[in-house]
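Notes for the structure review
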Amino acid sequence: MPKNVVEMEIDEVTMELPDTKTLRLKWPEGYETDFKTGQFITVYWPDTPKYKRAYSLSSCALDTGFFEVTIKRDGKMGTRIVDWAEKGNKLFVIPPVGRFLPVLEPEKHLVCIAGGSGVTPFRGFAREATLRKLETKITILYSVRTTEDIIFNDEFRELEQKNPHFKFNVTCTRLSDSDPWPGRRGRIGADWVKEQISNINDTIFYACGPNALVDNAERLVLEELQCPKEQLKLEKWG
Amino acid sequence: MSSQIPDTLKYAKTHEWVKVDGDTATVGITDHAQAELTELVFVELPAVGRALQAGEACAVVESVKTASDIYSPVSGEVIEVNESLADEPGAVNNDPYNEGWFFKVRMSDSSTPDGLLCAEDYKALIGE
């Protein structure tokens, strides 16, 4: 086992949706790590050490003493965690790495394009900016199939109330015509993204989710908005 | 970096490759697909003897980042699977067109299946 792998106990589980669960992994006593909001951890069960999965942190760097990851029932790991993981179980954790980091400077506007469970790192972005009372603008543009698929809806709405610089905008792609949802419908397109931007030079785009969504966001930002690639950060498979 | 797309193979739009030899088709996933999936940690293959329809989901791959269905590009009966992938799923990443093959099908129609792409068309599909 590599030296930096740490066994952590599941301290709390929260069902966010019927197929999506948040695990709070408690740091062992004396554990310290230098990590940043937006990074991901890699986990595995003690009985299957060769079988690992990586998940973005849904907690932020100010949340110390634990890591939180929010996991959809997807594949064997996602199924085992969502259906069977419970408080007291232990997982091995490879500490956070990754460069999908929020630029939390006062004049910046972070436009965060998310699909499905790709919204999870943006919870960390919004939490850190809100806890630190930052003036950085953060706008999440979240694509889901139906209103039943919105992860962290209540929490993001609460963060909007606490943080005047944070906006959580949802579009649904597969609602029936008879659904009473008053919000936006259809995929994330250039027009909707452009509506959010006041000064494109101070805007940093983030995209996280399925490959098709991330590829589309990349094309949209680089080709349709003619934005330099330095202002774009991508994370496939949330 | 551009991915390997051998001229000798046929390709499905869902990123499987097919090598036809007589009435037998060998199936795997493309170099582009393995790169998009990232490091594979698990491969579930169809049972030998299973009858497949072209386009049917028949295998599952799981990487450190995601899980994804694999579709059979041809119709027929599964006659062999690459059992070594159970212990070494990383062979798909390291050698997707040889050691990383998934399964072999005795095709119900031995002519080259319709709807598959040549290397050049697959290259265009993935934007390379």
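Residues take numbers from 1 onward in each chain, read along the sequence in its written order. Lettering for chains starts from A, numbering for ligands starts from 1, and both go in the order in which the items are written. The model is predicted, so local features are restricted to residues of pLDDT at least 70 and side-chain atom pairs to those at 80 or more, both for listing and for counting; the totals for chains, interfaces and linings are taken over all residues. Computation of side-chain values: all heavy atoms of the structure, hydrogens and water removed.

The subject of this paragraph is the nonpolar core. Grouped together as the largest cluster of nonpolar side chains are 30 residues, with contacts concentrated most on Val119(A), Phe122(A), Ile140(A), Tyr142(A), Phe156(A) and Phe168(A). The numbering of helices and of strands both runs from the N terminus, where a helix is a DSSP run of H or I of at least 4 residues and a strand a run of E of at least 2. Contributions of two or more residues to this core are made by β7 (109-115), α2 (120-131), β8 (137-144), α3 (153-162), β9 (166-172) and β11 (203-209) of chain A. Throughout, a residue-residue contact means that at least one pair of heavy atoms, one from each residue, lies within 4.5 Å. In this view, Ile140(A) contacts Cys112(A), Val119(A), Phe122(A), Phe156(A), Phe166(A), Lys167(A), Phe168(A) and Asn169(A); residues no more than four positions away in its chain are not counted. Of all hydrophobic cores here, the second largest spans 28 residues; its members include Tyr31(A), Phe40(A), Trp45(A) and Val41(B). We call a set of buried residues a nonpolar core when its members are Ala, Val, Leu, Ile, Met, Phe, Trp, Tyr or Cys and they connect through side-chain atoms within 4.5 Å of each other. Only protein chains enter the accessibility calculation, which uses a 1.4 Å probe. A residue is then buried if its area is under 20% of the maximum for its type, exposed if over 50%, and partly exposed in between.

Let's shift gears to the interface of chain B and chain A. The partner chain A presents 14 residues to the eleven residues of chain B that form the contact. What gets called buried area is simply the loss in accessible area from a 1.4 Å probe that two parts show on being joined, summed for both. Taking both sides of the interface into account, the surface hidden between chain B and chain A amounts to around 1,200 Å²; carbon and sulfur atoms contribute 47%. Together, Glu36(B), Glu62(B) and Lys65(B) form the three largest contributors to the area buried by chain B at its contact with chain A, with a combined 47%. The residue Glu62(B) makes a salt bridge to Arg53(A) at a minimum N-O spacing of 2.5 Å. Side-chain atoms alone can form a polar contact between residues adjacent in sequence; in general such a contact is a pair of N or O atoms within 3.5 Å, and within protein one must be able to donate a hydrogen while the other accepts it. At the boundary of chain B with chain A, the tally comes to twelve residue pairs in polar contact (both at pLDDT 80 or more). Those elements that place two or more of their residues in the side of chain B that touches chain A are α1 (31-37), β4 (40-44) and β6 (57-63) of chain B. Within the side of chain B that touches chain A, the residues separate by chemical class into five nonpolar, two polar and four charged. For salt bridges, the criterion is a side-chain nitrogen of Lys or Arg within 4 Å of an Asp or Glu carboxyl oxygen. Each residue gets one of three labels, nonpolar for Ala, Val, Leu, Ile, Met, Phe, Trp, Tyr, Cys and Pro, charged for Asp, Glu, Lys and Arg, and polar for the others, Gly among them.

All right, on to the sheet that holds strand β7 (residues 67-71) of chain B then. Residue and element names in this part refer to chain B. Being paired, for any two strands, means DSSP has found at least two bridges between them. On the basis of which strands lie adjacent, the open sheet formed by three strands has the order β4-β6-β7 and antiparallel pairing. The strands lining the two open edges of the sheet, one partner per strand, are β4 and β7. Taken pair by pair, the neighbouring strands of this sheet meet at an average axis angle of 25 degrees, ignoring direction. Two strands pair when backbone bridges link them, and β4 and β6 are joined in this way by four bridges, in the antiparallel orientation. Note that in β6 the partner of Phe 42 across the bridge is Glu 62. All axes are obtained by fitting lines to C-alpha atoms, using only the stretch in contact for helices, and the reported angles, taken between N-to-C directions, cover 0 to 180 degrees.

Here we take up the layout of surface pockets. We place a 1 Å grid over just the protein atoms. Points where a 1.4 Å probe fits but has no way out form a cavity, open points with protein on both sides within 12 Å along at least 5 of 7 lines form a pocket, and any residue with an atom within 4 Å of a point lines it. Grid points are joined across faces, edges and corners, and a volume is the space filled by probe spheres set on the points. Here the second largest pocket is characterised by a volume of approximately 360 Å³. Taken together, 18 residues make up the lining of the second largest pocket; nearest its centre are Lys50(A), Tyr51(A), Glu39(B), Leu40(B) and Val41(B). Going through the elements one at a time, β3 (40-44) of chain A together with β4 of chain B are the ones with two or more residues in the lining of the second largest pocket.

For the rest of this paragraph, the subject is the side chain of Thr30(B). Residue and element names in this part refer to chain B. Within the fold, Thr 30 resides in the loop between β3 (24-29) and α1. Looking at Thr 30, the relative accessible area reads 0%, which means it is buried. Side chain to side chain, Thr 30 and Tyr 122 meet in a polar contact 2.8 Å long. In this structure Thr 30 touches Tyr 11, His 15, Glu 16, Trp 17, Pro 96, Tyr 97 and Tyr 122, once residues within four positions along its chain are discounted.

In this section: the domain arrangement of chain A. All names here are of chain A. Taken domain by domain, chain A comprises domain 1 (6-97) and domain 2 (109-236). Each partner contributes residues to the interface: domain 1 has 18 residues there, and domain 2 has 17 residues. Summed over both partners, the interface of domain 1 with domain 2 buries about 1,300 Å², with 58% contributed by carbon and sulfur atoms. Among the residues of domain 1 in contact with domain 2, Leu 17, Ser 58 and Leu 62 are the three that bury the most area, contributing 31% of the side total. The start and end points of each domain follow an automatic or database-based domain assignment.

All names here are of chain A. Any pair of Phe, Tyr and Trp rings, taking the six-membered ring for Trp, is counted once the centres come within 6.5 Å. Such a pair is stacked with planes under 30 degrees apart, edge-to-face with planes over 60 apart, and tilted for the rest. As enumerated under the stated definition, the model contains 18 aromatic pairs over all chains in all. An angle of 75 degrees between the planes, with centres 5.3 Å apart, marks the rings of Trp 27 and Tyr 31 as edge-to-face. Site record: aromatic cluster; members linked through ring pairs are Tyr 142, Phe 152, Phe 156, Phe 166 and Phe 168. Only when the NZ atom of a Lys or the CZ atom of an Arg is both within 6 Å of the ring centre and within 35 degrees of the ring normal do we say a charge sits over the ring. The ring of Phe 66 is capped by Arg 24, whose NZ or CZ atom sits 3.8 Å from the centre of that ring.

Take the packing of α2(A) against α3(A) next. Residue and element names in this part refer to chain A. Relative to each other, α2 and α3 sit at 25 degrees, their axes nearing to 10 Å. Comparing the axis directions of α2 and α3 gives the class roughly parallel. Crossing of α2 against α3: the hand is left-handed. Residues Phe 122, Arg 123, Ala 126, Arg 127 and Thr 130 of α2 pack against Glu 155, Phe 156, Leu 159 and Lys 162 of α3. Of the residues assigned to the contact of α2 with α3, the class counts are four nonpolar, one polar and four charged. Working rule for angles: under 35 degrees goes down as roughly parallel, over 145 as roughly antiparallel, 65 to 115 as roughly perpendicular, anything else as oblique. By the definition used in this description, the sense in which the near helix is turned from the far one sets the handedness, with an anticlockwise turn below a right angle giving left-handed and a clockwise turn giving right-handed.

To continue, consider the pairing of β7(A). Residue and element names in this part refer to chain A. The buried fraction of β7 amounts to seven of the seven residues, a majority that puts the element mostly inside the structure. Covered by surrounding structure in β7 are His 109, Val 111, Ile 113 and Gly 115 together with Leu 110, Cys 112 and Ala 114, the residues of both alternating faces. Across seven bridges, the pairing between β7 and β8 is parallel. Bridging across to β8, Cys 112 finds its partner in Ile 140. The handedness rule is simple: strands pointing away from the viewer, and a clockwise path from the first strand over the helix to the second, make the crossover right-handed. Running through α2, the crossover from β7 to the neighbouring parallel element β8 is right-handed.

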